[in-house]
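# Observations on chain architecture
Single-letter residue listing:
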Protein chains: 4
Amino acid sequence: MNDYIHRVQYYETDQMAVVHHSNYIRWMEEARVEFLDRHGIGFVTLEARGILSPVVGVECRYRRPTHFDERIRVHVELREYTGVRLRVEYEMYNDQSGELVSTGASTHCFTNMQGRPISLQRDYPDVDAVLAAAVIPAKQKDE
Amino acid sequence: MNDYIHRVQYYETDQMAVVHHSNYIRWMEEARVEFLDRHGIGFVTLEARGILSPVVGVECRYRRPTHFDERIRVHVELREYTGVRLRVEYEMYNDQSGELVSTGASTHCFTNMQGRPISLQRDYPDVDAVLAAAVIPAKQKDE
Amino acid sequence: MNDYIHRVQYYETDQMAVVHHSNYIRWMEEARVEFLDRHGIGFVTLEARGILSPVVGVECRYRRPTHFDERIRVHVELREYTGVRLRVEYEMYNDQSGELVSTGASTHCFTNMQGRPISLQRDYPDVDAVLAAAVIPAKQKDE
Amino acid sequence: MNDYIHRVQYYETDQMAVVHHSNYIRWMEEARVEFLDRHGIGFVTLEARGILSPVVGVECRYRRPTHFDERIRVHVELREYTGVRLRVEYEMYNDQSGELVSTGASTHCFTNMQGRPISLQRDYPDVDAVLAAAVIPAKQKDE
């Protein structure tokens with residue numbers, strides 16, 4: 001529930017008549033933005049306080065192709081938050097069929113507006129607390 | 001000669017198996033960037049001096065479809081430069097067949113880094129002189 | 001009412017900290033897709049019947065910059081439908097402030113899946129009727 | 001040598017004034033396209049013979065930000081080719097400073113035009129031979 005919905009646009013398709021793989025990386029960002037928003041720590045809020053969260057890594061597995069006009073439901077889970085680094089995982093589903101179409105992950109650090117690494121734990125304890133509370137460790141999920 | 005060459009990328013195609021129309025707007029920017037560079041007033045140079053040139057209008061006519069892997073030659077001409085506003089026109093050709101595939105135009109104003117309109121004529125006479133000299137009026141072209 | 005809403009994504013911004021102008025061309029497509037869907041003649045329906053509607057021209061005026069996370073409301077009106085050609089006009093508003101941020105237009109022809117021009121009036125009278133009924137001529141609007 | 005050069009475009013930057021991370025996935029494709037071209041098995045050649053090579057996975061590590069107008073040199077190496085699956089690895093450098101800015105990888109299968117998996121080894125032995133010969137195993141590299 002509360003997953004992000006992306007409707008596939010025509011400009012996201014390629015000449016194989018499926019969505020070009022680079023767009024999934026953007027859907028992950030769209031879903032992450034909305035997820036943080038709902039937790040009261042959206043990008044706009046964070047940037048206003050001087051916090052950037054650059055992507056230091058992404059990965060994506062493509063299981064089934066997706067097509068124009070399909071609704072893709074993106075489920076987001078925070079993982080492995082350390083106070084200075086955050087790993088976010090994504091499951092993308094065809095919202096009509098319910099099929100898992102893709103899984104992905106992004107890893108983030110936190111910097112000030114000059115690009116210097118910062119520790120949320122030390123400098124922004126309220127943001128740190130929200131993230132720490134939202135994390136679902138992989139272990140806990142498996143049990 | 002000295003036209004800009006863009007090689008069509010796979011991610012620029014759509015499910016009609018031709019280039020999606022939005023990409024031509026980006027090719028016009030690519031060609032404009034290189035054109036200004038060659039005239040010594042590239043974006044990096046201008047921004048370092050505090051000059052931005054936002055786009056206030058674009059237009060594009062699509063005459064023939066373009067395809068993955070084709071080389072597109074973009075011919076750039078400056079038009080109607082007034083000291084505070086610039087119109088740039090573009091002709092895009094399939095570089096192999098020589099066919100005209102598209103024509104376009106972009107209109108620009110000039111602002112400082114805070115987005116306030118500026119007059120190049122008054123504040124940056126050297127940049128103004130380069131642009132004024134590079135303009136090819138439509139009339140002159142027809143003769 | 002029933003206008004299309006686009007939420008501005010982070011990947012649509014550029015280093016001027018505003019939306020890159022090429023993205024508005026894509027928003028126009030997003031809104032056009034939804035508009036035709038609501039009229040029962042969406043892209044998927046049309047392509048299933050063998051009808052493509054390539055873009056033969058676009059234009060866009062940028063009146064005010066738009067920013068990450070803003071909600072843009074796109075109002076669509078069909079204009080000048082001739083049975084073989086369609087002009088669509090767009091007004092884009094900041095949905096919070098109500099300010100007009102951009103106006104645009106796209107012109108379309110209709111082809112079969114092999115790219116041959118077709119006349120909707122002759123070959124697809126039901127689609128033709130829907131488009132003809134949805135057109136709001138510029139004159140009528142002004143009165 | 002023979003690495004692919006990508007010049008960073010303005011539309012690839014975001015409001016952090018660096019390249020948006022999704023674009024590196026596209027640069028990897030640009031470099032892969034050119035690499036295969038130089039080996040005589042470019043996308044156009046392969047598609048003409050009925051071979052598609054969908055991406056089944058991508059990953060990218062961002063080590064240093066990249067900026068508008070920089071030239072990025074992308075070094076491509078084929079890895080772990082099995083006849084039905086291929087892993088490609090990428091190193092991206094700032095071409096002026098020589099600094100490594102990013103590393104990435106993409107994994108591909110091979111299908112016919114209907115999306116059915118095929119074995120190059122069995123069905124296209126000449127393409128198979130080119131790929132097999134171009135592979136640089138990770139072990140060999142380390143020695």
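This one's a predicted model, so the numbers in the text were calculated from it and none came from an experiment. (Residues numbered from 1 in each chain as written. Chains lettered and ligands numbered in written order. Predicted model: local features only at pLDDT ≥ 70, side-chain atom pairs only at ≥ 80, totals over all residues. Heavy atoms only, no water.)

### Looking at the side chain of B:Asp3
Residue and element names in this part refer to chain B. Using the following cut-off: Strands here are runs of E lasting at least two residues and helices are runs of H or I lasting at least four, both read from the DSSP assignment and numbered beginning at the N terminus. The cut-offs for exposure are 20% and 50% of the maximum accessible area for each residue type, with area from a 1.4 Å probe on protein chains only; residues under the lower value are buried, those over the upper are exposed, and the others partly exposed. Polar contact is the term for a pair of N or O atoms within 3.5 Å; when the atoms are in protein, one must be able to donate a hydrogen and the other to accept it, and sequence-neighboring residues count only if both atoms are side-chain atoms.
As for its placement among the helices and strands, Asp-3 is situated in the segment before strand E1 (4-7). Look at Asp-3 and you get buried, because its relative accessible area is 16%. A polar side-chain atom of Asp-3 sits 2.6 Å from a polar atom in the side chain of Arg-73. A distance of 2.9 Å separates polar atoms of two side chains, one belonging to Asp-3 and the other to His-75.

### A look at the interface of chain A and chain B
Where we set the bar: Pairs of residues are marked as contacts when any of their non-hydrogen atoms sit within 4.5 Å. Side-chain classes are defined by residue name, with Ala, Val, Leu, Ile, Met, Phe, Trp, Tyr, Cys and Pro counting as nonpolar, Asp, Glu, Lys and Arg as charged, and the others, Gly among them, as polar.
Of the residues lining the interface, nine residues belong to chain A; the matching set on chain B comes to nine residues. Taken together, the links from chain A to chain B amount to four residue pairs in polar contact (both at pLDDT 80 or more). In terms of residue class, the side of chain A that touches chain B is built from five nonpolar, three polar and one charged.

### Observations concerning the side chain of A:Ser106
Residue and element names in this part refer to chain A. With respect to the helices, strands and loops of the structure, Ser-106 is situated in strand E5 (residues 100-109). In this structure Ser-106 comes out as buried when scored by relative accessible area, which is 0%. The contact partners of Ser-106, leaving out residues within four places of it in the chain, are Met-28, Arg-32, Gly-57, Val-58, Leu-86, Arg-87, Val-88 and Tyr-90.

### Some remarks on the sheet that holds strand E3 (residues 71-79) of chain C
Quick note on the threshold: In this analysis, strands are considered paired if DSSP registers two or more bridges between them. For helices, the fitted line uses only the C-alpha atoms of the stretch in contact; every axis is such a line through C-alpha atoms, and the angle between N-to-C directions lies from 0 to 180 degrees.
Sheet architecture is open: 10 strands sit in the order E1(B)-E3(B)-E4(B)-E5(B)-E2(B)-E2(C)-E5(C)-E4(C)-E3(C)-E1(C), paired in antiparallel fashion. Where the open sheet ends on each side, the last strands, each with one partner, are E1 of chain B together with strand E1 (4-7) of chain C. Across the sheet, the mean angle from the axis of one strand to that of its neighbour is 20 degrees, orientation sign disregarded. Together, E1, strand E2 (55-62), strand E3 (71-79), strand E4 (85-94) and strand E5 (100-109) of chain B together with strand E2 (55-62) of chain C form the strand contacts of helix H1 (residues 22-38) of chain B, whose direction differs from that of E2(B) by roughly 120 degrees.

### A short note on the environment of C:Arg32
Residue placement: C:Arg32 occurs in helix H1 (residues 22-38). Placed 21 residues apart in sequence, C:Arg32 and C:Ser53 show a C-alpha to C-alpha distance of 11 Å. In this structure, C:Arg32 is in contact with B:His21, C:Phe43, C:Val55, C:Val76, C:Val88, C:Tyr90, C:Ser106 and C:His108, ignoring residues within four places of it in sequence.

### Some words on empty space enclosed by the protein
Worth spelling out the cut-off: Here a cavity denotes a set of grid points, spaced 1 Å apart and computed over the protein atoms alone, in which a 1.4 Å probe fits but from which it cannot get out, and a pocket denotes an open set meeting protein on both sides within 12 Å along at least five of seven lines; residues with an atom within 4 Å of a point are reported as lining. Grid points are joined across faces, edges and corners, and a volume is the space filled by probe spheres set on the points.
Counted by the stated rule, this structure contains nine cavities of 30 Å³ or more. Roughly 110 Å³ of volume is contained in the largest cavity. Residue lining of the largest cavity: A:Tyr11, A:Arg26, B:Tyr11, B:Glu12, B:Asn23, B:Arg26, C:Arg26, D:Tyr11, D:Glu12, D:Asn23 and D:Arg26, and that is the complete set. Where the lining of the largest cavity is concerned, the elements lending two or more residues are H1 of chain B together with helix H1 (22-38) of chain D.

### Observations concerning the packing of aromatic side chains
Counted only if it meets this: Any two of the Phe, Tyr and Trp rings considered here, Trp counted by its six-membered ring, make a pair once their centres fall within 6.5 Å; the pair's planes then place it as stacked at under 30 degrees, edge-to-face at over 60, or tilted in between.
All told, the structure shown has 24 aromatic pairs over all chains when counted by the stated rule. Centre to centre, the rings of A:Tyr24 and A:Tyr62 are 4.9 Å apart; their planes meet at 85 degrees, and the pair counts as edge-to-face. In this pair, A:Tyr24 sits in helix H1 (residues 22-38) while A:Tyr62 sits in strand E2 (residues 55-62), placing the two residues 38 residues apart along the sequence. Here A:Tyr24 and A:Tyr62 have matching classes, each one buried. Summarising the aromatic geometry, the rings of B:Tyr10 and B:Phe68 are spaced 5.1 Å apart at their centres and angled 75 degrees between planes, so their arrangement reads as edge-to-face. With B:Tyr10 in the loop between E1 and H1 and B:Phe68 in the loop between E2 and E3, the pair connects residues that are 58 residues apart, well separated along the chain. Judged on exposure class, the residue B:Tyr10 and its partner B:Phe68 are both buried. By the ring-pair criterion, three or more aromatic residues cluster together here, those being A:Tyr10, A:Phe68 and C:Phe43.

### What about the sheet that holds strand E3 (residues 71-79) of chain D?
Pairing in this open sheet of 10 strands is antiparallel, and the strands run E1(A)-E3(A)-E4(A)-E5(A)-E2(A)-E2(D)-E5(D)-E4(D)-E3(D)-E1(D) from one edge to the other. Edge strands, defined here as strands with exactly one partner in the open sheet, are strand E1 (4-7) of chain A together with strand E1 (4-7) of chain D. Across this sheet, the average inter-strand angle for adjacent strands is 20 degrees, counted without regard to direction. In this sheet, strand E4 (residues 85-94) of chain D lies alongside E3(D) in antiparallel orientation, the contact comprising eight bridges. Residue pairing for E4(D): D:Glu77 is matched across the bridge by D:Glu89. Where H1(A) meets the sheet, it contacts E1, E2, strand E3 (71-79), strand E4 (85-94) and E5 of chain A together with strand E2 (55-62) of chain D, and its direction lies at approximately 120 degrees from that of E2(A).

Don't take any of this as a statement about function, it's just geometry.
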